[in-house]
Amino acid sequence: MTLRIAATSGLAALAAVGLAAVTACSSSTSSSSSSTPASSTSATASSSGASNPLSGGAASGSVVIGSANFPENELLAEVYALALQKKGVKATTKLNIGAREVYYPQVEKGTITIIPEYNGTLLTVEVDKTSTAKTTAAVDAALAANLPSTLTVLNPAPAQDSDSITVTAATAAKYHLKSIADLKPYASTMVLGGPPEFTTRSDGVAGLKANYGLTFKSFDPLDESGPITLAALTGGKVQAADVFTTTPQIVSDKLVSLADPKFNFAAQNVIPLVYKPALTPTITATLNAVSAQLTTAALLQMDTAVITDKANYTTVAEGFLQSIGMG
């Protein structure tokens, strides 16, 4: 992954681009804590498409972009919607729908046309609970083979919101750590932190031992990539921890997510899940172009802007599109 970059300067550049785009963007997106789900509508959006994405329908490219109920997914939905609107697609958003159990059936029947997904979780939670696919290619192949007939996925982005073994910048520098494999000579002196279930998960303590030969000094049960874990890591209570790769504190606390060359953690690439009857060549080409430029580092920067800095979702999405030449 390309996560370990100087994200602060990149965020400043992104914010500058985004602020320049404010006048071009009149819609404002709510965060997951907002009191209303905030369906964002542009001048090119169709009100009839908002209630039924297929009215007027697939031939005209009228779509509804949905999102799950957390900030990163809402932000990605804004990116998709703005990119499609710029290509003349009548796109509206229906944000903050809920968990996968709520929105997946809506995409399957076409009430929602497109939603940003994470390929590994989509596969093992909804499509094939028995799958052991790990790599991006293997996960996507399993999705293609097993999705219901009304659904398809487009190209995955390099960006992943996945588990990672994360250390402080000081620890990484001290031991010259770049990947999980580099921990092998030092793990026996380190305390590993993570959610309690990390001790029984196949990609947790057991997976790290099987794939990388790591035996840590001890394990400290904390929360799931939350404030308790982050405080323990930055405070030195643990020396390594399970932290999601797009957690904004990676930037603010100067953390380093170690590469996972042996795929201990299954791929979790951002990928558009699409109601197949509504798909058009324009939609395919546009979203594939967005995915090609969406890296983990870029997603982390955008997450930091909207979650930590409380920036406007649409402004940040517009700034990202301009930064990749799609503004």
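See the structure above.
The shown structure was predicted, so the numbers you read here are calculated from the model rather than taken from an experiment.

**A look at the overall build of the chain**
- For the chain, the helix and strand inventory stands at 13 helices and 10 strands.
- Total accessible area computed for the chain in this model is approximately 13100 Å², and 56% of it derives from carbon and sulfur atoms.

**Some details on the environment of Leu123**
- Structurally, Leu123 is set in helix H5 (residues 119-127).
- Relative accessible area serves as the criterion here: at 0%, Leu123 is assigned to the buried category.
- When residues no more than four places from it in sequence are discounted, the contact partners of Leu123 are Asp128, Lys129, Ser131, Ala133, Val139, Ala142 and Leu143.

**Re the sheet that holds strand E7 (residues 218-221)**
- In space, the 5 strands of this open sheet follow the order E7-E6-E8-E5-E9, with mixed pairing throughout. In this open sheet, the two strands that pair with only one neighbour each are E7 and strand E9 (255-257). Strand-to-strand twist across the sheet, computed as the mean angle between neighbouring axes with direction ignored, equals 30°.
- Examined bridge by bridge, strand E5 (residues 165-168) and strand E8 (residues 240-242) share 2 bridges and lie antiparallel to one another. The residue bridging Thr166 from the neighbouring strand is Ala241, located in E8.

**With respect to the side chain of Asp140**
- Among the structural elements, Asp140 can be located in helix H6 (residues 136-146).
- Despite being buried, Asp140 has no salt bridge partner; Arg100 is the closest side chain of opposite charge, sitting 12 Å away.
- Those residues in contact with Asp140 that sit more than four places away from it in its chain are Asn119, Pro156 and Ile271.

**With respect to the pairing of strand E1 (residues 63-66)**
- Taking every second residue as pointing to the same face, both faces of E1 are buried, with Val63 and Ile65 on one and Val64 and Gly66 on the other.
- In this structure, E1 lies alongside strand E2 (residues 91-94), joined through 4 bridges in parallel fashion. Within E2, the residue paired with Ile65 across the bridge is Thr93.
- Once the chain exits E1 it traverses helix H3 (residues 71-86) before rejoining the sheet at E2, and the crossover so formed is right-handed.

**Side note on the environment of Ser252**
- Relative to the helices and strands, Ser252 resides in helix H10 (residues 249-252).
- The spatial distance from the C-alpha of Ser252 to the C-alpha of Thr308 is 8.9 Å, given a sequence separation of 56 residues.

**Focus on the packing of aromatic side chains**
- A complete count under the given rule lists 4 aromatic pairs for this structure.
- Taken together, the ring pairs in this structure connect Phe198, Phe219 and Phe265 into an aromatic cluster.

Quick notes on the rules
- Residues numbered from 1 in each chain as written.
- Predicted model: local features only at pLDDT ≥ 70, side-chain atom pairs only at ≥ 80, totals over all residues.
- Heavy atoms only, no water.
- Helix = DSSP H or I, 4+ residues; strand = E, 2+ residues; numbered from the N terminus.
- Areas by Shrake-Rupley, 256 points an atom, 1.4 Å probe, with all protein chains shown as cover.
- Buried < 20%, exposed > 50% of the residue type's maximum accessible area, 1.4 Å probe, protein only.
- Contact = heavy atoms within 4.5 Å.
- Pairing = 2+ DSSP bridges.
- Axes fitted to C-alpha atoms, helices over the stretch in contact; angles between N-to-C directions.
- Lys, Arg positive; Asp, Glu negative; His and termini not counted.
- Salt bridge = Lys/Arg side-chain N within 4 Å of Asp/Glu carboxyl O.
- Right-handed = clockwise from strand over helix to strand, strands pointing away.
- Phe/Tyr/Trp six-rings, centres within 6.5 Å; stacked < 30°, edge-to-face > 60°.

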